[in-house]
Amino acid sequence: MTDIGHKRAVRYALGIIMIVLIIVIAGAVSSRVIEPPDDRVSVAATIFPIADIVTQVAGDVVDVELVLDPGASPHTFELTPQKASRLANVDIVFAIGFGLDDWATQVASISGSDVVELNQYVELDCAGVCDPHYWLSMPNAIGITNSIVEKLVTLDPEHADIFAQNAEEYITELEVAQGNIDSIFMDAPSHDLVVFHDSWNYFANAYGLNIRGTFEPAPGREPTPKQLAELQNTIKEFNIQSIYREPQLSESALAPFVKDLDIQIRTIDPLGGVEGRLSYIDLMLYNAHAIASP
Ligand SMILES: [Zn+2]
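Residues numbered from 1 in each chain as written. Predicted model: local features only at pLDDT ≥ 70, side-chain atom pairs only at ≥ 80, totals over all residues. Heavy atoms only, no water.

Asker: Tell me about the overall build of the chain, residues and numbers included.
Answerer: Scanning the chain from terminus to terminus reveals 10 helices and eight strands. Relative to its full complement of 294 residues, the chain shows a buried share of 44%. Here the analysis covers contacts within the chain between residues at least 6 apart in sequence; of these, 60% occur between residues at least 24 apart. Counting every atom, the chain has about 15200 Å² of accessible surface; 54% of that belongs to carbon and sulfur. (Helix = DSSP H or I, 4+ residues; strand = E, 2+ residues; numbered from the N terminus. Buried < 20%, exposed > 50% of the residue type's maximum accessible area, 1.4 Å probe, protein only. Contact = heavy atoms within 4.5 Å. Areas by Shrake-Rupley, 256 points an atom, 1.4 Å probe, with all protein chains shown as cover.)

Asker: Please give an account of the nonpolar core that cites residues and values.
Answerer: By size, the foremost hydrophobic cluster in this structure holds 70 residues, and its most contacted members are Phe94, Ile148, Phe185, Phe203 and Tyr280. Per-domain counts for this core show at least three residues from each of domain 2 (41-173) and domain 3 (183-292). In contact with Phe94, other than residues within four places in its own chain, are Val43, Ala44, Ala45, Thr46, Ile50, Val54, Val116, Leu118, Ile148, Lys151 and Leu152. Ile240, Leu249, Phe257 and Leu261 belong to the second largest nonpolar core, which has 13 residues in total. (Core = buried A, V, L, I, M, F, W, Y, C linked by side-chain atoms within 4.5 Å. Domains from an automatic or database assignment.)

Asker: Quick one: what's the story with the sheet that holds strand S3 (residues 92-95), residue by residue and with numbers?
Answerer: Judged by pairing direction, the sheet is parallel, and its four strands sit side by side in the order S2-S1-S3-S4 without closing on themselves. Each edge of the sheet is formed by a strand with only one pairing partner; in this case those strands are strand S2 (62-66) and strand S4 (114-117). Neighbouring strand axes in the sheet, compared pairwise and without regard to direction, differ in orientation by 30° on average. Bridge analysis of strand S1 (residues 41-45) against S3 gives three bridges, and the strand direction is parallel. (Pairing = 2+ DSSP bridges. Axes fitted to C-alpha atoms, helices over the stretch in contact; angles between N-to-C directions.)

Asker: Report on the pairing of strand S6 (residues 210-216), specifying residues and quantitative values.
Answerer: Successive residues of a regular strand alternate their side chains across the two faces of the sheet. With five bridges connecting them, strand S5 (residues 192-197) and S6 associate as parallel partners. The partner of Asp192 across the bridge, within S6, is Asn210. Assessed by its sense of winding, the connection that carries the chain from S5 through helix H7 (residues 201-207) to S6 is right-handed. (Right-handed = clockwise from strand over helix to strand, strands pointing away.)

Asker: Can you lay out the sheet that holds strand S8 (residues 264-267) for me, pointing to particular residues and giving the numbers?
Answerer: Taken together, the four strands give an open sheet; going across it, the order is S6-S5-S7-S8, and neighbouring strands pair in parallel fashion. The sheet terminates laterally at S6 and S8, the two strands that pair on one side only. Neighbouring strand axes in the sheet, compared pairwise and without regard to direction, differ in orientation by 30° on average. Across the sheet, helix H8 (residues 225-237) touches S5, S6 and strand S7 (242-245), and the angle it forms with S6 is around 150°.

Here is the structure:
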């Protein structure tokens, strides 16, 4: 081969190498952007607050399926065939546990995945039985976030940095919201309240409130006349001005009860996922304002 011929051959070879490199890089970039659906991690969350926290940590690299429709109660959940088909490919089911969403096991069996309860880093109230409504306090939401980030890193180690960064930013947002809620309650006219069902103990403990009575001690079951008489006394004793219903539970028995008492019916919401409560943080702020406003 002549010297010129040799140089031309080298240039030719380099050109080929460049083209191959461009194809490889382009392929790598496009496969990151459009990942085949099977490669994406998909998780289910039993209730809206968990689904929102998972989404905050996962960003857009993980698919999040909410199991319980907004407006429905976890205490009376039933799995429909349509829902079952949407949950057929999830890699894990995030749940609360302690009897709130026992149906998570049924959901996980559809896809052959596991249930992960998020109570590892939260402060639980387990006097007698454990109260499952632990997501209703900001410090516990931080614990839930830490459990979620750990699990997502195990499921999808390729995106570990994104999850860690998102979790850190989200925890800062939760801390800011915690400060806002504290100042909302600083100006509240009363810290005594009567709630509809027994789901507000964590919230009350976190913000210095006293739950003086519960309208429906067993969720979904109407109170007995004896329980109603006791509640009436409590309302008078503590000069309670409002009783707090919940959007997910039937309140048909509530109206006749408050009629003679000259108190208001207001709404607080443990689950959200509806207009005005489309994030966990907005849900918590909504509840704080509803309880603290005169
Ligand atoms: Zn409940």
